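# Fold and geometry: a report
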Amino acid sequence: MDQKLTAVLDGSRGHANAEVELALPEQPNFMRHLLVSIFPLRHEGADRAVGGLGLFLLDTSARRRAEERLRRSETRSRLIIDSIPQLAWMTDESGAIQWYNRRWYDYTGTTEAEMMGWGWQSVHHPDHLAGVTARFRQAIEAGAPWEDTFMLRGADGTYRWFLSRAEPLLEADDAAPSGAAPRIVGWFGTNTDITEMRRVEEELEAARDAADDANRAKSQFIANMSHELRTPLSAVIGYAEMLEEEAADLDGAEVMQGDLRKIASNAQHLLSLINDVLDLSKIEAGRMEVQTEDFSASELVRDVAATVEGLVSKKGNRMLVDIEGDVGTMHSDSVKLRQCLFNLVGNAAKFTEGGSVTLAVSRAVDAEGHGWLSFRVADTGIGMTEEQMARLFRRFAQADSSTTRRFGGTGLGLAITKAFAAMLGGDITLESTVGRGSTFTIRLPADLRTIRAEAPAACDTAEDGTGETGEAGLVLVIDDDPASLELVSRFLRREGFAVRCAPEGRSGIELARSLKPNAILLDVMMPQMDGWSVLASLKASPELAEIPVIMVTFVEERGLAFSLGAADYLTKPVQWHRLKGCWSAIAPPPPR
């Protein structure tokens, strides 16, 4: 400072600048930064000799603090971007990369000079390079976000799988011309190592395939064994009945007839259990068929009540029938409906003692003019808690473990009833209160033909791969059952979605590729290619992996669904409030 003052004073410098730090007496801990400008003060006259010095002081404390904060912020940002687990990079507007974070260089073992521009191509696997480059250039030209999966070579020469995503960077709003859209100035992207995730997915897929094979083998074994067991059991039942008739002519035949009746009764019970297992194996294999016919709903209810009245009265219960008005006729599968009602009434009689079991039927018409019948089985038995109700309708499951020991049964009846209700185009619901009883309600269409006939109109198969999108978005439904397609489609259209349908897995995958729906509703039990295989294919495709998929099935495999990438899981028959909740949680964005 002294030298600068002297230089200006003796005229060797015209002016000088200096930076000074000082603390004010009233603020000893706060340093002031001053920019001092020194200039000469000259005498008037011919020689204009320097007679003194002038000082101009500018307080730069605020600017210095701002600069320091900016430096700290830049250092912190650099530390963060270098510490994230992803390899990060940034391009210019042409797509040439101008910057990488430290992790990129640590992983690839390359230098900045090698990687600038399009140098990244040197560490890509040659099998993927052409495709990745083409797709990246397409995204750059379209100004759209980019996503891809590929292998990158590490510093040790081995390749690992990465998921890469990039988003366009837009110039500041105030930098764009008035009324013009902000210009893209580059892209910011990251590469995430997914090698372990792919390995786990491959192991899961292999495990799923093995489980599918085992399940098919199990179902085939059960079906074969059920047939083999039914043949000798039929003989046991027939001979027991024949011997009971012949024993009637013998002296003291009462004891023998009682024993023979017990043999026949137990054989019948065993045969009913085997039939349940056989029905379930057919449902799982997709081989259960619906045989429709016209019949009187009221006569069927009366016939069921008369058949099970003896069973209901065994524990001192009364069998009540309530037919609300003229319920008319149905066109459906009377055998399956009868079995559903037998299962529900038998279940009610099992858990009720000294009370009543009511079988009721009523008819209603929906807003679209379709007739629906509701069959209700209500009892005054032990009832269930919310936790117990949540376990119902699962195969081989009952309200709790003590139920089997106390009341018997395999836990298949309600699972089969639920499956049959869905096959007949309806659903089953339950209301229960502990200590007061339970009410099961099966709601079915009066005419199954109307639902199945309307399925193509309600759910466009979109064979050309095109179609309009609804206000709430486009949903692809993949299911081989026309009744389920129609019901789900009707609900989704009511919620504002456009719906496209595929009757089997392979066509569903092709439609997903062409339509790019906002969400997919996927059935599990389908012939040829089941839902698990479809889900695995969807999640393995980079262009389809982000589409949320909701699984729908009779089978309770929630853990498998989530492990394979499903967004949610619903059991048939679909409860509409649950499906609506799924859409709210997933929130597929509406079309732009």
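All figures in this text were calculated on a predicted structure; none of them were measured in a lab.

### Notes on the nonpolar core
- In this structure, Leu337, Phe375 and Phe440 are the most contacted members of the largest nonpolar core, which totals 43 residues.
- Secondary-structure elements contributing two or more residues to this core are helix 8 (297-313), helix 9 (334-350), strand 12 (356-365), strand 13 (371-379), helix 12 (413-423), strand 14 (427-433) and strand 15 (437-445).
- Leu337 has contacts with Phe295, Leu300, Met330, Phe375, Leu424 and Leu444, leaving out every residue within four places of it along the chain.
- In terms of nonpolar packing, the next biggest core, distinct from the first, is built from 26 residues, Leu522, Met526, Leu535 and Met551 among them.

### Looking at the packing of aromatic side chains
- This model, assessed by the stated rule, comprises 10 aromatic pairs.
- Ring centres of Trp120 and Phe136 lie 6.1 Å apart, and the angle between their planes is 90°; this geometry places the pair in the edge-to-face category. Here Trp120 is found in the loop between helix 4 (112-115) and helix 5 (126-142), whereas its partner Phe136 is found in helix 5, with 16 residues between them in sequence.
- Owing to a relative accessible area of 5%, Trp120 belongs among the buried residues under this scheme.
- Of the residues examined, Phe136 reaches a relative accessible area of 2% and is grouped as buried.
- One aromatic cluster is present, formed by Trp89, Trp118, Trp120, Phe136, Trp146 and Phe150 through successive ring pairs.
- When the ring centre of Trp118 is taken as origin, the NZ or CZ atom of Arg137, which lies over that ring, is 4.2 Å away.
- Residue placement shows Arg198 over the ring face of Trp161; its charged tip is 3.8 Å from the ring centre.

### Let's talk about the packing of helix 8 against helix 9
- At their nearest, the axes of helix 8 and helix 9 sit 10 Å apart, and the two run at 35° to each other. Relative to helix 9, the crossing made by helix 8 is right-handed. Where helix 8 abuts helix 9, its residues Leu300, Asp303, Val304, Thr307, Val308, Leu311 and Val312 lie against Ser334, Leu337, Arg338, Leu341, Phe342, Val345, Gly346 and Ala349.
- The residue inventory of the contact of helix 8 with helix 9, partitioned by class, reads 10 nonpolar, 3 polar and 2 charged.

### Some words on the sheet that holds strand 12
- Across the sheet, which stays open at both edges, the 5 strands sit in the order 10-12-13-15-14 with mixed pairing between neighbours. Strand pairing shows two members of the sheet lacking a second neighbour, strand 10 (318-323) and strand 14, which therefore form its edges. Each strand axis lies, on average, 15° off the axis of its neighbour in the sheet, ignoring direction.
- Relative to strand 15, strand 14 is paired through 7 bridges, and the arrangement is antiparallel. When the sheet's bridge partners are listed, Ser432 is paired in strand 15 with Ser438.
- Against the sheet, helix 8 engages strand 10, strand 12 and strand 13, with an angle of about 175° to strand 10.
- The strands touched by helix 12 are strand 14 and strand 15; relative to strand 15, the strand with the most contacts, the crossing angle is about 25°.

### Let's talk about the pairing of strand 14
- Across the two faces of strand 14 the burial differs, with Ile428, Leu430 and Ser432 buried and Asp427, Thr429, Glu431 and Thr433 not buried at all.
- Adjacent in sequence and paired antiparallel, strand 14 and strand 15 are bridged by 3 residues, among which Gly435 carries a positive phi angle near 85°.

### Points about the environment of Ile274
- Note on placement: Ile274 falls in helix 7 (residues 253-285).
- The buried category is assigned to Ile274, whose relative accessible area is 9%.
- Residues Ile274 and Met225 lie 49 residues apart in sequence; the distance between their C-alpha atoms is 9.0 Å.

### A word on the environment of Arg338
- Mapping Arg338 onto the fold places it in helix 9.
- Separated by 37 residues in sequence, Arg338 and Val301 place their C-alpha atoms 8.2 Å apart.
- Setting aside its immediate chain neighbours within four residues, Arg338 contacts Leu300, Asp303 and Val304.

### Describing the confidence of the model for the protein chain
- Mean pLDDT over the protein chain stands at 81; residues scoring 70 or higher make up 84%.
- Mean pLDDT across the elements of the protein chain bottoms out in helix 11 (residues 401-407) (47) and peaks in strand 13 (95).
- Segment residues 453-458 is flagged for pLDDT under 50; beyond a separation of four residues in sequence, or across chains, it makes 9 contacts in the model.
- Segment residues 462-467 is flagged for pLDDT under 50; beyond a separation of four residues in sequence, or across chains, it makes 9 contacts in the model.

### Observations regarding helix 8
- Taking 1.5 Å of rise per residue, the 17 residues of helix 8 would be expected to cover 24 Å, and the 24 Å separating its terminal C-alpha atoms lies within 8% of that figure.
- Most pronounced at Thr307, the bend in helix 8 amounts to some 40°.
- Along helix 8, the residues classified as buried are Ala297, Ser298, Leu300, Val301, Val304, Ala305, Val308 and Val312.
- Summarising the contacts, the buried residues of helix 8 are in contact with strand 9 (293-296), strand 10, strand 11 (329-332), helix 9, strand 12 and strand 13.

### Quick word on the pattern of salt bridges
- Inspection of every chain in the model, using the stated rule, returns 21 salt bridges.
- Between Asp209 and Arg208 there is a salt bridge, with the nearest N and O atoms lying 2.8 Å from each other.
- Here Glu510 ties to Arg513 by a salt bridge, and the two come within 3.1 Å at their closest N and O atoms. Residue Glu510 and its partner Arg513 are located together in helix 15 (residues 505-515), separated by 3 residues, close to a single helical turn.
- Glu510 sits in the partly exposed class, given a relative accessible area of 47%.

### Topic: the pairing of strand 1 (residues 16-24)
- Across 9 bridges, the pairing between strand 1 and strand 2 (residues 27-42) is antiparallel. Bridge pairing links Asn17 to Ser37 in strand 2.
- Linkage of strand 1 to strand 2, two consecutive antiparallel strands, is achieved through a turn of 2 residues.

Reading the values: the criteria
- In every chain, residue numbers begin from 1 and rise along the written sequence.
- Local features in this predicted model are restricted to residues whose pLDDT is 70 or higher, and side-chain atom pairs enter the listing and the counts only when it is 80 or higher, whereas totals over whole chains, interfaces and linings include all residues.
- Side-chain numbers here rest on the full set of heavy atoms in the structure, without hydrogens or water.
- Residues belong to one nonpolar core when they are buried, are Ala, Val, Leu, Ile, Met, Phe, Trp, Tyr or Cys, and are joined through side-chain atoms within 4.5 Å.
- The rule is simple: take the accessible area with a 1.4 Å probe, protein chains only, and divide by the maximum for that residue type; under 20% is buried, over 50% is exposed, in between is partly exposed.
- Labels follow the DSSP assignment, with helices taken as runs of H or I lasting at least four residues and strands as runs of E lasting at least two, numbered in each case from the N terminus.
- Two residues qualify as a contact provided that any one of their heavy atoms is within 4.5 Å of a heavy atom in the partner residue.
- Here the aromatic set is Phe, Tyr and Trp, taking the six-membered ring for Trp, and pairing holds for ring centres within 6.5 Å; pairs whose planes are under 30 degrees apart are stacked, those over 60 apart are edge-to-face, and all others are tilted.
- Think of it as a cone above the ring: NZ of Lys or CZ of Arg counts as a charge over the ring if it is within 6 Å of the ring centre and within 35 degrees of the ring normal.
- What counts as an axis is a line fitted to C-alpha atoms, over the stretch in contact for a helix, and the angles between N-to-C directions run from 0 to 180 degrees.
- Two helices that cross are described as forming a left-handed crossing if the nearer one is turned anticlockwise from the farther one by less than a right angle, and a right-handed crossing if clockwise.
- Classification used: nonpolar for Ala, Val, Leu, Ile, Met, Phe, Trp, Tyr, Cys and Pro, charged for Asp, Glu, Lys and Arg, polar for all others including Gly.
- Any two strands with at least two DSSP-identified bridges between them are counted as paired.
- Each residue carries a pLDDT score, the predictor's confidence in it, ranging from 0 to 100.
- Helix span is expected to be 1.5 Å times the residue number reduced by one.
- Throughout, bend refers to the angle between the axes fitted to the seven residues that end at a position and the seven residues that start at it.
- The salt bridge criterion pairs a side-chain nitrogen of Lys or Arg with a carboxyl oxygen of Asp or Glu, the two atoms within 4 Å.

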